[in-house]
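Structural overview
Residue strings, one per chain:
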Amino acid sequence: MSLLFSATQLGKLTLDNRIVIAPMCQYSAESGKASAWHRIHLGQLALSGAGLLIIEATAVEAAGRISPGDLGLWDDATEAALASVLHDIRQYSDIPFGIQLGHAGRKASCAAPWLGGNQLSLEQGGWQTVAPSAQAFNSEERAPVALTKQDLERLKQAFVDSAQRAAKLGIQLIELHAAHGYLLHQFLSPLSNQREDEYGGSLENRLRFPLEVFHAVRSALPDSVAVGVRLSATDWVEGGWDVEQSIVFSQQLESAGSDYVHVSSGGLSPQQKITVGPGYQLPFARDIRKQVKIPVIGVGLITEPKQAEQALQEGDVDLIALARAVLYDPRWPWHAAAELGAQAKAPPQYLRSEPHGLKGTLISNKK
């Protein structure tokens, strides 16, 4: 039996298999509102046979967007746009949906990657960024404004409001984005958090705001909605955030009721020196998994079905997340099922697509 295609749970959410489609920014929203692109993009991924589909990093306020094209969930208009997309997809797929809620902090107000990705000036349609400290991501960018305690309360409520909107849409999992150098990660890392109040300095203090956000979101949602956190296990910079601190953070999240942790790395500093290779982040996930009892999702250059299966068999992780690999091959779970002798869900309209010799690999996604 393939572990990759065995059922599992994140909190009270049951998944048919352990393949997770990771959140991937599309920079294609219109003033925060999901567009026709999202209907196409999420629609095709919803037919992939994965166990869970997490919607891209979604801003909890307009100033929290990475780019002007970022998805948002901060008002009735952004909620209605996403509701329309999900309504259409759910007619043809029963895949569980999650959503990643985040705030870009000092890494906000940037152009889309294919437009250079640089910080936008105010004249170019950019906006003033905020952060734990008035320290820019790099020396060429304008400095963010340091957040006041009143700002932190407002942002905490923004995360809660967006999470409740998501739950109202029938989204079954909320992932708080504390990775890749965005706002919650900026609080965690001593490289970006230079505060001198109770939210900066010691590890306990740097954990405080991300944990407060988690507590607020978890307590605002029913138990039926899973809540977890994506974190960067290391900044890949000496003296920065590292796996030892990530273990402490993960343990505190577990104590607070987190249903899982999703382990990535990097993104906080342009000084990062990343050693990239197949499954290069799995050792961090394994180190964290040894110290917590909640499920750990691994991600990062996991591209082959046997590689994913091996990571599960060896106990590195509990679930496998795919990002670029599933954009390149939206039917990755189908092909993995064929290779591993398992079954994957497909729409009944596509069941006849099975190649000769693989009959029975695909099963209907209609209940």
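Residues numbered from 1 in each chain as written. Predicted model: local features only at pLDDT ≥ 70, side-chain atom pairs only at ≥ 80, totals over all residues. Heavy atoms only, no water.

- The chain goes by 2,4-dienoyl-CoA reductase in an unreviewed UniProt entry, where it is assigned to Candidatus Pantoea symbiotica.
- For the record of the chain, the UniProt heading Cofactor (unreviewed entry) holds the text "FMN". (UniProt positions renumbered as here; feature names shortened; annotations may be inferred.)

Focus: the layout of surface pockets
- Of the pockets and cavities examined, the largest pocket occupies roughly 1300 Å³.
- Surrounding the largest pocket, 45 residues form its lining, Y27, H180, Y182, S264 and R324 being those nearest its centre.
- Where the lining of the largest pocket is concerned, the elements lending two or more residues are β12 (319-322) and α9 (324-328).
- Per-element tally for the lining of the largest pocket: the top contributor is α9, with three residues.
- When its volume is computed, the second largest pocket comes out at roughly 270 Å³.
- Lining the second largest pocket are 18 residues, with D16, D94, I95, P96 and K345 sitting closest to its centre. (1 Å grid on protein atoms, 1.4 Å probe; cavity = no way out; pocket = protein on both sides within 12 Å on 5 of 7 lines; lining within 4 Å. Points joined across faces, edges and corners; volume = space filled by probe spheres on them. Helix = DSSP H or I, 4+ residues; strand = E, 2+ residues; numbered from the N terminus.)

Quick look at the packing of aromatic side chains
- Enumeration over the complete set of coordinates arrives at six aromatic pairs.
- Relative to F209, the ring of Y199 lies with its centre 6.3 Å away and its plane at 80°, an arrangement referred to as edge-to-face. With Y199 in the loop between α4 (183-188) and α5 (203-220) and F209 in helix α5, this pair connects stretches of sequence that are ten residues apart.
- These aromatic residues form a ring-pair network of at least three members: F187, Y199 and F209. (Phe/Tyr/Trp six-rings, centres within 6.5 Å; stacked < 30°, edge-to-face > 60°.)

Structural notes on empty space enclosed by the protein
- In this structure the tally under the stated criterion is two cavities of 30 Å³ or more.
- Residue lining of the largest cavity: A57, T58, A59, G64, R65, I66, D70, G102, H103, A104, H177 and Y182, and that is the complete set.
- Ranked by residues supplied to the lining of the largest cavity, first place goes to strand β4 (residues 52-59) with three residues.
- Its residues assigned to classes, the lining of the largest cavity comprises five nonpolar, five polar and two charged.
- Looking at the second largest cavity, its volume works out to about 40 Å³. (Nonpolar A, V, L, I, M, F, W, Y, C, P; charged D, E, K, R; others polar.)

Regarding unusual backbone geometry
- The phi dihedral of Y27 is positive, around 50°, even though this residue is not glycine.
- Following the sequence through the fold, Y27 ends up in the loop between β3 (19-21) and α1 (36-46).
- Its identity is not glycine, yet L301 carries a phi of approximately 50°, on the positive side.
- Within the secondary structure, L301 sits in the loop between β11 (296-298) and α8 (305-313).
- Look at L301 and you get partly exposed, because its relative accessible area is 41%. (Buried < 20%, exposed > 50% of the residue type's maximum accessible area, 1.4 Å probe, protein only.)

Side note on the packing of α5 against helix α6 (residues 243-256)
- Orientation of α5 relative to α6, taken along the N-to-C sense of each, is 30°, at an axis distance of 10 Å. Taken together, the axis directions place α5 and α6 in an arrangement best described as roughly parallel. In this structure, the crossing between α5 and α6 has a hand that is right-handed. Side by side, α5 and α6 meet where L203, R206, L207, P210, L211, F214, H215 and R218 of the first sit next to Q245, V248, F249, Q252, L253 and A256 of the second.
- Residue composition of the contact of α5 with α6, grouped by class: nine nonpolar, three polar and two charged. (Axes fitted to C-alpha atoms, helices over the stretch in contact; angles between N-to-C directions. Parallel < 35°, antiparallel > 145°, perpendicular 65-115°, else oblique. Left-handed = near helix turned anticlockwise from the far one by under 90°. Contact = heavy atoms within 4.5 Å.)

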